[in-house]
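Each chain is listed here by its residues.
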Amino acid sequence: LKDLESRSLSVEDVYMHACAKFREKTAGTPDSAVVPRPTLTLRDATDEDAPPDTCDTAGKREVFERFCALLCEHIHKFETRGGAVLPPEEQGTVDFLRISPQILNDSVVIFKTCQYTTAPAYIVDYIQRQDVPFGQGNDRKPLYRLMGFSSAQEVVQHRVFNQLFGRIGIYVEVHNLRFETHSSTDVAFTCEIKRHKTYSVAALATTVALPEPAKWTTCDETLQHISKLQVEEVLNPTLRTLDLKGKRIGAARAPAKSFETVGAIAPKGALLSDSDVTVRQKAAGALANIPVNAANKVLVAGAGAIAQLVGLLTDSDVEVRRRAAGELLLVSGNVVNKSLVAEAGAISPLVRLLVDGDIEVRRNATGALMSVASDDETSISVVEAGAISPLVRLLGDGDVEVRRKAAGSLMTIADNVENQVLVAEEGAIGPLVGLLADGDVEVRRMATGALSNISGNAENKVLVAEAGAVTAWVGLLRDSDVEVRQKAAEGLMKISMSDENQVLVAMAGAIGPLVELLGDSDAEMRRKAAGALWGIAAKDENKSLVVEAGAIAPLVVLLEDSEVGVRLFSAGALLSIAANAEDQGLVALADAIHPLVGLLSDNGAGVKGMAAGALMFIAFNDDTKVLLAQAGAIGPLVRLLVNGDVEVRRKAAGALMLIAFNDDNKVLLAEAGAIVPLVRRLGDRDVNVRRKAAGALMFIVVNDKNQVLAAKAGAIALFVQLLGDSDDEVKRSVTSALSFIAGNDETNVLVAEAGAIGPLVGLLGHGDVELRMMAAGALWNIAGNDKNKGLIAKAGAIAPLVRLLGDGDARIRQMAAGALANIAVDDENKELVAKAGAIGPLVRLLEDGDVEVRRYTAFALMRIAGNDDNQVLLAEAGAIGPLVGLLGDSDVEVRGIAAAALMLISVNAVNKVLVAEAGAISSLVVLLDDADVYVRRFAAGALWVVAGNKENKVLVAKEGAIGPLVRLLGDGDVTVRQNAAGALSGIAVHEENEDLVAKEGAIAPLVRLLTDGDVEVRWNAAGALFNIAGNDQNKLLVVEAGAIPPLVDLLEDGEVEVRRCAAGALMSIAVNDQNKLLVAKGDAIARLVRLLGDGDVTVRLFAAAALMTIAGNADTKVSVAEAFAIAPLVGLLSDSDVEVRRMAAGALANIAGNDENKVLVAMTDAIAPLVRLLGDGDVEVRRYTAGALSNIAVDVENKELVAKAGAIGPLVWLLEDGDVEVRRSAASALANIAGNDENKVLVAMTDAIGPLVRLLGDSDVEVRRYTAGALSNIAGNDTNKSLVVQADAIGPLVRVLGDGDVKVRRNAAGALANIAGNTDNKVLIAKEGAIGPLVGLLGDSDVEVRRYTAFALLNIAGNDANQVLVADEGAIAPLVGLLSIEDAETRRYAQSLLDVVAVYSGGTYQRKV
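Residues numbered from 1 in each chain as written. Predicted model: local features only at pLDDT ≥ 70, side-chain atom pairs only at ≥ 80, totals over all residues. Heavy atoms only, no water.

Let us now look at the packing of aromatic side chains. Per the stated rule, a full pass over the model turns up seven aromatic pairs. Centre to centre, the rings of F661 and F699 are 4.9 Å apart; their planes meet at 85°, and the pair counts as edge-to-face. Here F661 is found in the loop between helix 37 (646–659) and helix 38 (663–671), whereas its partner F699 is found in helix 40 (residues 687–700), with 38 residues between them in sequence. The residue whose ring lies beneath R1388 is Y1389, and the NZ or CZ to ring-centre distance is 5.5 Å. (Phe/Tyr/Trp six-rings, centres within 6.5 Å; stacked < 30°, edge-to-face > 60°. Helix = DSSP H or I, 4+ residues; strand = E, 2+ residues; numbered from the N terminus. Lys NZ or Arg CZ within 6 Å of the ring centre and 35° of its normal.)

So, in structure tokens, the structure goes:
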């Protein structure tokens, strides 16, 4: 029963079986019999107080039958009230009764079934386990005893029990089934009924009260009363009352006799209305004896006898009725007369005669009705006259002729479709099934035909099967009568068209005999046998049975049968068989394909479609797809798309759809011109044709070339139009097709231009899971085009795609994530996707159970992470931890994408730390040795980015990444080499790692990569060497590995990044003095000079820096200048980039360390721009600029030029700069500038003295050194001597005489020497306590310190008082010592001073008195 909502489950059949014994026992009981209500005591017959009759056992069983019927009725009411439809997965359940494991002891689950006739053994166990006694006292008995049975086995074998549980197709649970005796006269059957799987509860409690046994003396009477009075009242009030009233009277139709002429017909007809019964008898008899031929039938009708005969049907005389009915039987054999008989009003009286007491009357009436009913119009009249019910009863008549004609009448009536249900409703099926075993061949023939006709109705097919017709028909397939065999085969064919019956027919053993009949000489027999096998094989369980019975080979033979019906049904049977995947190859192996292909051109009705359908199923098998193409099926199938009717088009399109699932066939289909007609069929009115055409094109356009062909054939626009089709399957196919077409770069834009995006976005919210999935997939592919990404976002796709991330279907989650990943390639869309709330759901999906969901989720997050703000949001959403977890995923793509996502997320500085803290580094290091190239790529890339954090550089090294990364420098994949070199470059920035990278053997392979064919590899290799060379030892190793020549070559690489890193690496290498010379030997300097004019700021920067480094060597300063570096470096002093200005100034500073170069730099107009840079906002620019001017101003002529360029003022300002090196260089520059007499005055006038004096207390030794020198030079001017003193310089200068730095002491002594040239200053210096420290410096290890000290003391001793002080401070002895040193100037100053402060006497110098 497929549809529980529309079915009407009658209990009449159960009722009829339950009352079978009653009908047998009461035949002949008068209608007027009135019986009082009986009472039946439910006690065992052996009990002492049991009544003297033997009704107990039978009565109890009858009570049990009543209970079964009542239970069935209540279940029916409960089912119809619930009105629910069974879930598809439970339809066709084969179990019909089982114990529920949850409530083993009190629950029975009833399942829909038709094929069982007895309950299984475990039901016996269930009944047996109900051993708890019921009742009171001696009445306490086990359940089966109370039911009147001697064993549980007897219970479950009882016919009514099995009819109930074996035939009623209901899904319910019966709980708490209990049989209880409430008194000596009542028994209660109680249970709860629950709909299976929905558990809505209804209660059933029915008490059957039985009458007093004393009023009845026989068991038969008791059963009669129970059946008639109780069951009819309680069970189903709408049932017709059964015919229970008595005997059936038999009669036989008299044999016909010959008449010599036909002239007697009219007068005899007139006698039919004679008042004398004997006359009427004889007249009717005479007409009955007229020879039965066509002419006489017409003459009888023409003589007006029909109306007269009809009148006699109600005659009181049985013989008259008998003969009248017999004559009408003969007359109605004429086609015209059938209508005349009906019009004469014969039908109703004939129907009444069906219950006539005379057997022959019943015979003739039944025969007449059978004849009349053979006409469609009169058949309806027969039914309307109520003939069916009495005819059904006559099926059980004791007379074979009556049974024969009753079955024949019902067969004729049931030939009309509208009557088939009525015949079944009148209970004909059961009796007709009984007649299938009748000893009379014609009865079997008619009964078989009647059941076959009744089975034309879908519901009746089930009822016929349930009534046991199947087994009987199977037996009749070998009947001696050919017509019986034909009708049995036809009946099996019809009921096999019902899903419910197909298994039952197979289990009844029909398949073998039917296969045998495929070889029958009779074409009709072959047709029906093939048709039956067609229906049987429609059930999956039966396909293998049909195949095992050897059906395929004879069916293939019949494909070429001369009879069109045989060809049709054989193709249909093969179609059903081929629906099973395992059998498709067998059908092909039986050489079915070629004849089926031939049938595609067959002109027989329905044959083309059936052959196409069979080929469609055969095409499900991968191997047979190829065979179909090779057998030439594609061309005829394509033609059927154009020329076939709707059913043929369906099957042809379906076959082409499956054939197209093979890659080679996709090409063949296109070559056979299938695309255009399939595209046209997209507009077919029939939804199934559209489905299959769309499906075929969906597979065809998987091929790239076919995508273009389909587009040219106008498929895209139709696909887009069909996105709004009313049929979801059509929408699915075109959505998928658009997805494939959108995967082609040539047609991707066309899909968007055809307006597909909007409808596809709409389908994202469709209720159909497949459509949502395919729409998301299509948008995913469409978004592969950069232009379309923005269009999809504008169409509002992002929000619904985000919602689909939470869809219950893993495929949809996968497609949504993939679509968002492609959309997020666009920079604007990255932000939109994040704002739409995608990050949170995507992060959750990283732990999805489906590997592809994880894969594309990680992919989407990787794309989203390309936005700086999103990197923060991803970290805040907790993405890092799950992504780190995915680095160990079993799926290689998941591992690779997770590494890529972490790489991008780690671009954010904070995230670098978080990624490391999440334990990513160790997992990424493991992935460096992954077998998959993509995993290695992104693992190395992620480590590269993560190592951008200083602490992470150390962690990456500690986790053992360096060795694997070095190995990857030789990887066959260019991206792996890129990222490995980049990672090593990042790791080597840390001072702790520089040595480790070198020790792991990275330098040599990195040097080799400098000549790699890939620009990015060269770039990263040069960058890595740049960083590795930060270590002094590594600088030598890099050079030893032969890095300089390839690095020099890379200075002219076409890629700016390569030039950058090459220049940087040379800069780093050249920090080593030995390497400076090696770099300078080639043409590196010239190339670096050319790079000073590069359009890239970083290239200019590193080139200038490299030249600055190289020029740090005395020998190479000249080489740099000779390479014409000065002019471009001067030009860079005005560069917009601060770092470039910085390095240019530094380079010029180093170059100007050579005397000749100082002049060249000045001549190249460097001084003015350098002076301007003294006010630069960058401290390093100021530092290098002041240093450059300091070096330039060493040259005598340049001192004036520097001063004239206005350098003094800015330099004075820089004396108070916050940067020590700036102060240092400024003081040095001023010291050098002040070496010119005019400049001394200018420096003093620019208020330099005060700041310089303050710097004497600077913490930096060099600042103090250059400051003291500057003050020394400034004090060379007489006017300035006083100014210096006025600036309180003497005290600080005296203090720095004890400085640890020799040059500080030297310059301080010189400054005091110059200051002391002023008379007043001599006294002030002495007062500041300078003499003692100066005397102490006479013994300094530095010759210049001793020289300037002696000169200072000499000047100070120009004052008489000071002479005494000098002597008193013990100067004489050290001065005497200086008389013997090599430095002449010092000896001169010492001698002069001794002459002033001492006298030479007795060979020694003595203090003057």
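On to a nonpolar patch on the surface, then. Taken together, the side chains of V335, V336 and L340 make up a nonpolar region of the molecular surface, amounting to roughly 260 Å² of accessible area. You can see V336 is positioned in helix 14 (residues 335–343). (Patch = residues over 30% accessible without salt bridge, like charges linked within 9 Å, V, L, I, M, F, W, Y side chains within 5 Å. Areas by Shrake-Rupley, 256 points an atom, 1.4 Å probe, with all protein chains shown as cover. Salt bridge = Lys/Arg side-chain N within 4 Å of Asp/Glu carboxyl O.)

Moving on to the pairing of strand 7 (residues 1404–1407). Pairing of strand 6 (residues 1398–1401) with strand 7, which is carried by four bridges, proceeds in the antiparallel orientation. If you follow Y1400 over to strand 7, its bridge partner there is Y1405. Between the antiparallel neighbours strand 6 and strand 7 lie two residues, among them G1402 with a positive phi of about 65°. (Pairing = 2+ DSSP bridges.)

For V1222, the location among the structural elements is in helix 79 (residues 1220–1233). Spatially, the C-alpha atom of V1222 lies 9.1 Å from that of V1263, the residues being 41 residues apart in sequence. Those residues in contact with V1222 that lie beyond four places of it in its chain are V1179, R1182, R1183, L1214 and D1217. (Contact = heavy atoms within 4.5 Å.)

Once their charged atoms are close, side chains differing in charge can pair, the charge on each being opposite to the other. In the structure shown here, the tally under the stated rule is 81 salt bridges. Between D1299 and R1264 there is a salt bridge, with its nearest N and O atoms 2.6 Å apart. With D1299 in the loop between helix 84 (1290–1296) and helix 85 (1302–1315) and R1264 in helix 82 (residues 1261–1274), this residue pair connects regions lying 35 residues apart in the sequence. Residue classification places D1299 among the buried positions, given a relative accessible area of 12%. (Buried < 20%, exposed > 50% of the residue type's maximum accessible area, 1.4 Å probe, protein only.)

Of the residues in the protein, 78% have a pLDDT of 70 or more, and the chain-wide mean is 81. In the model of the protein, strand 1 (residues 97–99) stands out as the element of lowest mean pLDDT, 28, in contrast to helix 57 (residues 920–927), which has the highest, 96. (pLDDT = per-residue confidence, 0-100.)

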